[in-house]
Amino acid sequence: MSILVQHVSKQFGDFTALERVSLEVKEGKLVALLGPSGSGKSTLLRVIAGLESPDSGSIVINGQDTTNLDVSRRNIGFVFQHYALFKHLTIRQNIAFGLEIRKRSPKFIKQRVEELLELVQLQGLGNRYPSQLSGGQRQRVALARALAVQPQVLLLDEPFGALDAKVRKELRAWLRRLHEDVHVTSVFVTHDQEEAMEVADEIVVMNQGRIEQVGTPAQIYDYPATPFVMSFIGPVNVLPGNTRLFTDNSFEVLHPEIFVRPHDIEVQTSPEGAAAKAVVKRVIHLGWEIQIELALVDEQEVVAHLSREQFAQLNLKLGQQVFVKPKDVKSFPQSLAMRYKAS
């Protein structure tokens, strides 16, 4: 089922949570709403669910205008960050709750609950209570409960935010596989860029109540539409527009700022072509890559990421003079740069 958000705005007092937001989520897609705290992503999710009413604009789900439709009639599954399970009910009873409210037959409920326990890989745990499960298992129960009523749309608000890093990583892969099995149109909120890149078909990057860009993970990372997207998705060096990364005096960037990914900084021990002098200030081992913090002649700091093999070949030491040049530089028009500064 598709979701169409049309010119939606929402105020909370003097705070603008959403400003004329428009978005289309196509049927069967898994879409991430990504942005920092206060960007409007959770508010947008709650407006789609009917938990908040927009001040203006409309929400259309599967061709039906649901803007003023009661939340209980939208056939939406909603998963909260902190599970919201009934502590006094068993896992089976939690999953069955929505079906019992809808007065489905006991036979159907029993069959559906067993199907979902298998789907979320919790077979044999149906008679336990939420307090007897781990955080990751409880989140799977919350997902099973949301899916029990066969919703048109599944909405998840920071579903893994309360879990530790290892469990989050495991559940991200599990959610991706689950979505490939059930194919329900899904939207989830996250502030974790890696989570969005790993799980989602499409990413909606939000900032200050507006949508900055919509695209696949590859599009968002490789072709950022704004300075905010460039700086929010992955590490980046933000340098003044007049920074000379080449010794060629004719080189000059006319934009106010330039953006260079750390993995796009080439480090050399002897100059090959146009390159700028730099000094190695710090070396950080990140496991699968090495982060090098460098200072240019004008004391401007630049961060480079090297593979372990590259680092071993260069044999870099603290205080060593090296030469750097960018393999790829991005810049944005003055108007976008000023808006990025304001945010």
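Residues numbered from 1 in each chain as written. Predicted model: local features only at pLDDT ≥ 70, side-chain atom pairs only at ≥ 80, totals over all residues. Heavy atoms only, no water.

1. Describing unusual backbone geometry
Argument step 1. The residue H7 is not glycine, and still its phi comes out positive at about 50°.
Argument step 2. Inspection of the secondary structure assignment puts H7 in strand 1 (residues 3-12).
Argument step 3. Taking relative accessible area as the criterion, H7 reaches 42% and is therefore assigned partly exposed.
Argument step 4. With phi around 55°, N75 is a residue other than glycine that occupies positive phi space.
Argument step 5. Looking at the secondary structure, you find N75 in the loop between strand 5 (64-65) and strand 6 (76-79). (Helix = DSSP H or I, 4+ residues; strand = E, 2+ residues; numbered from the N terminus. Buried < 20%, exposed > 50% of the residue type's maximum accessible area, 1.4 Å probe, protein only.)

2. Some remarks on the layout of surface pockets
Argument step 1. Taken as a whole, the largest pocket holds about 530 Å³ of empty space.
Argument step 2. Taken together, 19 residues make up the lining of the largest pocket; nearest its centre are I76, G77, F78, R102 and V149.
Argument step 3. Contributing elements (two or more residues each) for the lining of the largest pocket: strand 6, helix 2 (91-101) and helix 4 (135-148).
Argument step 4. Residues of the lining of the largest pocket, tallied by class, amount to 13 nonpolar, four polar and two charged.
Argument step 5. Put simply, the second largest pocket is a space of about 190 Å³.
Argument step 6. Surrounding the second largest pocket, 13 residues form its lining, E266, V267, L306, Q310 and L314 being those nearest its centre.
Argument step 7. Every element with two or more residues in the lining of the second largest pocket is listed here: strand 13 (265-268), strand 16 (301-307) and helix 9 (308-314).
Argument step 8. Per-element tally for the lining of the second largest pocket: the top contributor is strand 13, with four residues.
Argument step 9. By residue class, the composition of the lining of the second largest pocket is four nonpolar, six polar and three charged. (1 Å grid on protein atoms, 1.4 Å probe; cavity = no way out; pocket = protein on both sides within 12 Å on 5 of 7 lines; lining within 4 Å. Points joined across faces, edges and corners; volume = space filled by probe spheres on them. Nonpolar A, V, L, I, M, F, W, Y, C, P; charged D, E, K, R; others polar.)

3. Quick word on the packing of helix 3 (residues 106-119) against helix 4
Axes are the key here: two packed helices are described by the angle between their axes and the distance separating the axes.
Argument step 1. Running from amino to carboxyl end, helix 3 crosses helix 4 at an angle of 140°, the nearest separation of the two axes being 10 Å. Compared by their axis directions, helix 3 and helix 4 come out oblique. Relative to helix 4, the crossing made by helix 3 is right-handed. Facing R112, L116 and L119 of helix 3, the residues of helix 4 in contact are A144, L147 and A148.
Argument step 2. Tallied by class, the residues present in the contact of helix 3 with helix 4 amount to five nonpolar, no polar and one charged. (Axes fitted to C-alpha atoms, helices over the stretch in contact; angles between N-to-C directions. Parallel < 35°, antiparallel > 145°, perpendicular 65-115°, else oblique. Left-handed = near helix turned anticlockwise from the far one by under 90°. Contact = heavy atoms within 4.5 Å.)

4. Things to note about helix 4
Argument step 1. With 14 residues, helix 4 should reach 20 Å at 1.5 Å per residue; the first-to-last C-alpha distance of 20 Å fits that figure.
Argument step 2. Most of helix 4 sits out of view: 12 of its 14 residues are buried.
Argument step 3. Buried residues belonging to helix 4 abut strand 6, helix 2, helix 3, strand 7 (153-157) and helix 5 (165-182).
Argument step 4. Two residues or fewer after helix 4 comes Q150, characterised by a positive phi angle close to 55°. (Expected span 1.5 Å × (residues − 1).)

5. As for the packing of aromatic side chains
Argument step 1. According to the stated counting rule, one finds four aromatic pairs in the structure shown.
Argument step 2. Centroid distance F78 to F80: 4.6 Å. Interplanar angle 45°. Geometry classified as tilted.
Argument step 3. Since its relative accessible area comes to 34%, F80 is described here as partly exposed.
Argument step 4. Judged by centre distance (4.7 Å) and plane angle (50°), the rings of F86 and F97 are tilted. Highlighted residues: F86 in the loop between strand 6 and helix 2 and F97 in helix 2, separated in sequence by 11 residues.
Argument step 5. Residue classification places F97 among the partly exposed positions, given a relative accessible area of 33%.
Argument step 6. The lysine or arginine in question, R104, covers the ring of F108, its NZ or CZ lying 4.0 Å from the ring centre. (Phe/Tyr/Trp six-rings, centres within 6.5 Å; stacked < 30°, edge-to-face > 60°. Lys NZ or Arg CZ within 6 Å of the ring centre and 35° of its normal.)

6. Section: the pattern of salt bridges
Any two side chains of opposite charge can pair if their charged atoms end up close together.
Argument step 1. Applying the stated criterion across every chain, the model contains 16 salt bridges.
Argument step 2. A salt bridge links R172 to E195; its shortest N-O distance comes to 3.9 Å. Placement of R172 in helix 5 and of E195 in helix 6 (residues 193-199) is noted, with a sequence separation of 23 residues between them.
Argument step 3. The exposure class assigned to E195 is buried, which follows from its relative accessible area of 3%.
Argument step 4. In this structure, the salt-bridge partner of D328 is K330, at a minimum N-O distance of 2.9 Å.
Argument step 5. What makes D328 partly exposed here is its relative accessible area of 31%.
Argument step 6. Here the residues in one salt-bridge network are K169, R172, D192, E194, E195 and E198, joined through shared partners. (Salt bridge = Lys/Arg side-chain N within 4 Å of Asp/Glu carboxyl O.)

7. A closer look at the pairing of strand 7
Argument step 1. In terms of burial, strand 7 is largely enclosed, as five of its five residues are buried.
Argument step 2. On strand 7, burial covers both faces: V153, L155 and D157 on one face and L154 and L156 on the other are all buried.
Argument step 3. Where strand 6 and strand 7 come together, four bridges link them in parallel fashion. Paired with G77 across the bridge in strand 7 is L154.
Argument step 4. As paired elements, strand 7 and strand 8 (residues 185-190) share five bridges and run parallel to each other. Considered in strand 8, the bridge of V153 is made with T185. (Pairing = 2+ DSSP bridges.)

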